[in-house]
Amino acid sequence: FDLWGALTFSFYLQGFGHLIPSFEDRAMLGIVYDSLAFPEHNRRSSSSTRLTVMLGGAWFESSVGDPDAVSKETLLSLASEAAATQLGVKEKPRRAIVTLNKSCIPQYTLGHWKRIDHLFSYIHQHSLPLSLIGASYQGVSVNDCIYNAKKAVQRLTGS
């Protein structure tokens, strides 16, 4: 379970964002600096910083609670606390959009890559006419998915 919330603050950051290892904070996954990652969405009339704070992941219930019962205020408070702890943001957001997206970021369990290797070996050994593409198989990013789709098409077409 993951939270994607856009917080607007009046300060400026450099970079795309950052991830937080689970041993540091099990409730927080990371923060994307949306103002820099997607500048085309910035307001032209005033300067502000937009952030996406990602909370939860595999530890949502143990860290935050029941996703169907947790309030948006609680999630906003956790996101604001994360921005304060991670980035030194002390201001309250001028605007916040709090959204709960269940199961939206893959988090692999221990041994995932070994199972995937076994799966691809099985497909190859049995010459199955099957291509598996997506964040669950060979890379988690959109770029990985596009690259692997291109490779699969090349294998199918022999080019």
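For the protein chain, the name recorded in an unreviewed UniProt entry is Protoporphyrinogen oxidase, with Engystomops pustulosus as its organism.

Q: Please explain the overall build of the protein chain as it appears in this structure.
A: Across its full length, the protein chain carries five helices and five strands. Among the 159 residues that make up the protein chain, the fraction classed as buried is 30%. Across the protein chain, the fraction of contacts at a sequence separation of at least 24, relative to all contacts at a separation of at least 6, is 63%. As displayed, the protein chain offers around 10,400 Å² of accessible surface, 56% of which is attributable to carbon and sulfur atoms.

Q: I keep staring at a nonpolar patch on the surface and nothing clicks. Help me out?
A: A cluster of nonpolar side chains, Tyr 122, Leu 128 and Leu 130, forms an exposed patch at the surface whose accessible area comes to about 270 Å². Note on placement: Tyr 122 falls in helix H4 (residues 112-125). According to the relative accessible area criterion, Tyr 122 is partly exposed, its value standing at 42%.

Q: Honestly, the pattern of salt bridges in this entry has me stumped. Any pointers?
A: A pair can form between side chains of opposite charge whenever their charged atoms are brought close. Under the criterion given, the structure shown has one salt bridge. Its salt-bridge partner being Asp 68, residue Lys 102 comes within 2.5 Å of it at the nearest N-O pair. Here Asp 68 lies in the loop between helix H2 (60-63) and helix H3 (72-87) and Lys 102 lies in the loop between strand E5 (96-101) and H4, a separation of 34 residues in the sequence. Since its relative accessible area comes to 61%, Asp 68 is described here as exposed.

Q: Explanation requested: the side chain of Asn 148 in the structure shown.
A: When you line up the elements, Asn 148 lands in helix H5 (residues 142-157). The exposure class of Asn 148 is buried, given its relative accessible area of 9%.

Q: Where do I start with the nonpolar core in this structure?
A: Proteins that are soluble and globular tend to have nonpolar side chains buried together. Counting eleven residues, the largest nonpolar core consists of Ile 20, Met 28, Ile 31, Tyr 33, Leu 51, Val 53, Leu 55, Ala 79, Ala 82, Ala 83 and Val 89. Where this core is concerned, the elements lending two or more residues are strand E3 (28-32), strand E4 (49-56) and H3. Core analysis: the next-biggest nonpolar cluster, separate from the first, contains five residues, Phe 60, Val 70, Leu 75 and Val 98 among them.

Q: Sorry if this is basic, but what is going on with H4 here?
A: Count 3.6 residues to each turn of an α-helix, and residues three or four apart come out pointing the same way. Helix length check: H4 (14 residues) gives 20 Å between terminal C-alpha atoms against 20 Å at 1.5 Å per residue, within 8%. Inspection of H4 places His 112, Ile 116 and Ile 123 among the buried residues, and these make up the whole buried set. The buried residues of H4 occupy an angular sector of 30 degrees when the element is viewed end-on, so they sit on one face. Residues of H4 that are exposed and point over 90 degrees away from its buried face: Lys 114, Asp 117, His 118, His 124 and Gln 125. Following H4 by one or two positions, Ser 127 adopts a phi angle in the positive range, close to 45 degrees.

Q: Help me understand unusual backbone geometry, please; the structure alone is not making it clear to me.
A: Note: most residues except glycine have negative phi, and most peptide bonds are trans. For Ser 127, which is not a glycine, the phi torsion comes out positive at approximately 45 degrees. Among the secondary structure elements, Ser 127 is positioned in the loop between H4 and H5.

Conventions we followed
Residues numbered from 1 in each chain as written. Predicted model: local features only at pLDDT ≥ 70, side-chain atom pairs only at ≥ 80, totals over all residues. Heavy atoms only, no water. Helix = DSSP H or I, 4+ residues; strand = E, 2+ residues; numbered from the N terminus. Buried < 20%, exposed > 50% of the residue type's maximum accessible area, 1.4 Å probe, protein only. Contact = heavy atoms within 4.5 Å. Areas by Shrake-Rupley, 256 points an atom, 1.4 Å probe, with all protein chains shown as cover. Patch = residues over 30% accessible without salt bridge, like charges linked within 9 Å, V, L, I, M, F, W, Y side chains within 5 Å. Salt bridge = Lys/Arg side-chain N within 4 Å of Asp/Glu carboxyl O. Core = buried A, V, L, I, M, F, W, Y, C linked by side-chain atoms within 4.5 Å. Expected span 1.5 Å × (residues − 1). Arc of directions from axis to C-beta.

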